[in-house]
Amino acid sequence: MGGLDELSVGDRAPQRGFGPVTMTDIVRYQGASGDMNPIHHDPGFAERAGFPAVFSVGMLQAGLLANFACDWLGYENLRSFGVRFRDKVWPGDRLVFDAEVTAVHEKDSVRMVDLELTCTREGGGTALAGTAAFASPLND
Amino acid sequence: MSMAKTPISGPFTMRVELGKVREFLRATGSPSWDLPPDSHAPIPATFLTTTRFWDAADAKTLMDVVDLDLKRLLHGSQEYEFPTGPPRVGEILTYTTFLVNSYTKVGGRGGEMRFLVTETEFRRPSGDLAAIGRGTFIETAPPAS
């Protein structure tokens, strides 16, 4: 990677895809995170709760989006990451991740790069809208 | 509208474990999940959601502090701040969760939606703030009766 120092406003990460989201992906994430809510893996439970089927854990999409950003700019350089949950993600969905540099600025003599992040459902809308801030290591 | 910070749970203490970080990286689509046995890699951004494994069995939750209808509760947003970069494999962190804000908004269909904001502070043994997790939970408006 060229380095955070070479980025300017408008630069975009190479787009990444994920999917189709499978039940196994959901179950693996539930085991890894400890969130065992049956609404995400028990079809009967999901139906009784009023949903047509089980749906993915929002924080799974959040993790996928965060790692997409950190694979681009470095896990150790991350200073903040946040998402707003918009649409649910369902088994079979194909997801697309995008990142765009929205600001480059200095803070306490460290170069900061701000990103706007999105996780979009192919054929659907925005599942997650997020932001992240990375610090350039050269000035640390 | 501001409110006093209301403690919800903690302090509890967790250890950032290599095996768990590898599992979590793999579960969240990272191609570099195969960290070596001597790794002190930084955690992925959302790893601190795994505090579930370290909470005391009788830990209180938001539902114990606020009277909520679980059937109408949605996770609206989640964010993490790492003032000096993410904690690393091997670190020990002590964390406490607070309710920091509560407000209402009229929803699209005229009913009242309630927003609840929690913050979890993660500190190193030195007392330094290692991370903050902040979640917004939305109790949607009750169905029209």
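Each remark here, short or long, concerns the structure printed above.
Residues numbered from 1 in each chain as written. Chains lettered and ligands numbered in written order. Predicted model: local features only at pLDDT ≥ 70, side-chain atom pairs only at ≥ 80, totals over all residues. Heavy atoms only, no water.

Backbone-to-backbone hydrogen bonds join strands into a sheet, with any given pair of strands oriented parallel or antiparallel. With antiparallel pairing, 10 strands are arranged side by side in an open sheet as β1(A)-β3(A)-β4(A)-β5(A)-β2(A)-β2(B)-β5(B)-β4(B)-β3(B)-β1(B). A single partner strand is all that each edge strand has here, and the edge strands are β1 (16-18) of chain A together with β1 (6-15) of chain B. Within the sheet, the average angular offset between the axes of one strand and its neighbour, ignoring direction, is 20°. When strand β3 (residues 95-107) of chain A meets strand β4 (residues 110-121) of chain A, the two strands line up antiparallel, connected through 12 bridges. Residue E100 of chain A lies in a different strand from β4 of chain A, and its bridge partner there is E116 of chain A. (Pairing = 2+ DSSP bridges. Helix = DSSP H or I, 4+ residues; strand = E, 2+ residues; numbered from the N terminus. Axes fitted to C-alpha atoms, helices over the stretch in contact; angles between N-to-C directions.)

This brings us to the interface of chain B and chain A. Size of an interface, as often reported, equals the accessible area lost when the parts are brought together. Contacts between chain B and chain A engage 33 residues on the former and 26 residues on the latter. Buried area between chain B and chain A, summed over both chains or domains, comes out near 2300 Å², and the portion from carbon and sulfur atoms is 61%. The largest contributions to the chain B side of the interface with chain A come from A27, T28 and R52 of chain B, which together make up 20% of the buried area. Applying the counting rule to chain B against chain A returns 8 residue pairs in polar contact (both at pLDDT 80 or more). Residue assignment for the side of chain B that touches chain A shows that the elements contributing at least two residues are α1 (18-27) and β2 (73-81) of chain B. When residues of the side of chain B that touches chain A are assigned to their parent elements, the largest contribution, 7 residues, is made by β2 of chain B. Each residue belonging to the side of chain B that touches chain A can be placed in one class, and the counts come to 13 nonpolar, 13 polar and 7 charged. Here strand β2 (residues 78-85) of chain A runs beside β2 of chain B; their pairing, made up of 5 bridges, is antiparallel. (Contact = heavy atoms within 4.5 Å. Buried area = accessible area lost by both parts, 1.4 Å probe. Polar contact = N/O pair within 3.5 Å; in protein donor to acceptor, adjacent residues only side chain to side chain. Nonpolar A, V, L, I, M, F, W, Y, C, P; charged D, E, K, R; others polar.)

These figures capture arrangement, not role.
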